[in-house]
Amino acid sequence: MARFRLLSIDGGGIRGILPGMVLAEIERRTGKPISSLFDVLAGTSTGGILALGLTLREGDRPKYSASELVDMYVTNGQEIFSKSQPWETLDAIADGLPLSREVGELFGIPRNEDLHDLVRPKYPADGRRAVLRRYLGDARVADALARVFVTSYDTALRVPVFFDSQADEDQVYFDQLRDVAVLDAAMATSAAPTYFPPHRVEAREGRRTLTLVDGGVFANDPVALAYAFTRPRDVQDEIILSLGTGSMTRSYPFEEIRSWGAIRWAIPVLYTMMDGQSEAAALVMSRMLPEGRMFRWQALLGEGGVPEDMDDASPGTLARIAALAQKLVKAKSDEIDHACELLTR
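Everything in this summary refers to the structure shown in the same document. Owing to the predicted nature of the structure, the values given are computational and were not obtained by experimental measurement.

Helices and strands together make up the secondary structure of the protein, namely 14 helices and 11 strands. For the protein, the proportion of contacts with a sequence separation of at least 24, taken over those separated by at least 6, is 75%. For the protein, the computed accessible surface area is about 15900 Å², with 53% contributed by carbon and sulfur atoms.

See the structure below:
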């Protein structure tokens, strides 16, 4: 009987700590690395970074455990989400001016944004690149321990791009890239519009240059895409695990948003689209698969007091994300045990 085991991890910035801690619990309960439990590890944005990191090899073994990748976020979160010093200084001065927050709200500037963020990417790519280079080195996507499937989007040709370690180069859907650096894949999948600049990648022996942004613009939860592109046709025994980075709970009632324009919608619409696609993709898969074959574990951010901001790497927020992850593991403990049993059977 042909088997198929798929892990899919949503995007969500610093909240990647949440699925990372769930995966660390699975490794603890099974005594096995995640890359040995699944045939395919799929991810978008922060989920893509986790998928790439978990399939990174050191000889015949994974280079990192899930808990080590969680530590990457905890230790380096503020370096990833850091502005250049001149802008940090100017923002601090502006924030200190009388009524600065009130004026910002009047003109629709979101709570955690500054004037700089309205005209340029909020953060340069330097801090994120430095952290990812330290962890990912010079590895290639094609060398992954298990099949890895990571999403991005080409803004030049306006098509999805997939970093797929077992892509068939002779049968190309949009662009499926395998002979590229893991660092490039990680930078591309996490280049969230408004937060980071796009990432450039040379595709297939210099055929053309791709201008890539975060795959969350079309597939924040890549589970359905990964299922369609990587599942063998003769499978009869399949297990799908889809991990979220926290479902958003802030309400946008009619009276609040009725007069919003482009500036006021800029950040909320990005979050709303990503959150909505994640919920829709998980719903589609749960309706397609037989009962007991699809696991979707997601936490409500509001229950843990976790802000929706993908870039809040403050110590307090990191602690709240960790606490919410522990709460989720406790609530889903029986399901986790059942999934571990199926994965190791």
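There is more to say, and it comes next.
Quick look at the side chain of D154 now. Checked against the element boundaries, D154 lands in strand β5 (residues 147–154). Residue D154 is classed as buried on the basis of its relative accessible area, which comes to 0%. A distance of 2.9 Å separates a polar atom in the side chain of D154 from the backbone nitrogen of A156. Those residues within four positions of D154 in sequence are excluded, and the remaining contacts are V159, V161, R208, L210, T211 and L212.

Here the focus is the pairing of strand β11 (residues 294–297). For a regular strand, side chains alternate in direction, first toward one face of the sheet and then toward the other. In β11, alternate side chains face the same way, and those of M294 and R296 on one face and F295 and W297 on the other are all buried. Sheet topology note: the strand β10 (residues 235–243)/β11 ladder contains four bridges and is parallel. Of the residues in β11, the one forming a bridge with L243 is W297.

Of note, the phi angle at S45 is positive, near 55°, even though the residue is not glycine. With respect to the helices and strands, S45 occurs in the loop between β2 (40–44) and α3 (46–54).

Moving on to the nonpolar core. One finds L7, L23, I26, I34, Y195 and W297 to be the most contacted residues of the largest nonpolar core, which totals 81 residues. Those residues in contact with Y195 that lie beyond four places of it in its chain are P121, K122, Y123, I267, L270, Y271, M310 and D311. One finds V40, F149, V235 and A281 within the second-largest nonpolar core, a separate group that totals 15 residues.

Below, the discussion takes up the environment of D138. Checked against the element boundaries, D138 lands in the loop between α7 (126–136) and β5. With 44 residues separating them in the primary sequence, D138 and V182 have C-alpha atoms 7.3 Å apart.

Here we come to the environment of V329. Within the secondary structure, V329 is located in helix α13 (residues 315–331). Judged by its relative accessible area of 14%, V329 falls in the buried class. As for V329 and E25, which are separated by 304 residues in sequence, their C-alpha atoms are 7.8 Å apart. Leaving out residues up to four positions away in the same chain, V329 has contacts with V22, E25, R29 and I336.

Right, let's talk about α13 for a bit. The end-to-end C-alpha separation of α13 is 24 Å, in line with the 24 Å expected for 17 residues at 1.5 Å each. Along its buried surface, α13 packs onto α1 (17–30), α4 (66–80), β11 and α14 (333–344).

Quick look at the environment of I34 now. Mapped onto the fold, I34 is located in helix α2 (residues 34–37). Distance from I34 to L343, taken between C-alpha atoms, is 10.0 Å for residues 309 residues apart in sequence. Apart from the residues lying within four places of it in its own chain, the contact partners of I34 are L7, L23, I26, E27, L41 and L54.

Each value, and the rule that gives it
- Residues numbered from 1 in each chain as written.
- Predicted model: local features only at pLDDT ≥ 70, side-chain atom pairs only at ≥ 80, totals over all residues.
- Heavy atoms only, no water.
- Helix = DSSP H or I, 4+ residues; strand = E, 2+ residues; numbered from the N terminus.
- Contact = heavy atoms within 4.5 Å.
- Areas by Shrake-Rupley, 256 points an atom, 1.4 Å probe, with all protein chains shown as cover.
- Buried < 20%, exposed > 50% of the residue type's maximum accessible area, 1.4 Å probe, protein only.
- Polar contact = N/O pair within 3.5 Å; in protein donor to acceptor, adjacent residues only side chain to side chain.
- Pairing = 2+ DSSP bridges.
- Core = buried A, V, L, I, M, F, W, Y, C linked by side-chain atoms within 4.5 Å.
- Expected span 1.5 Å × (residues − 1).

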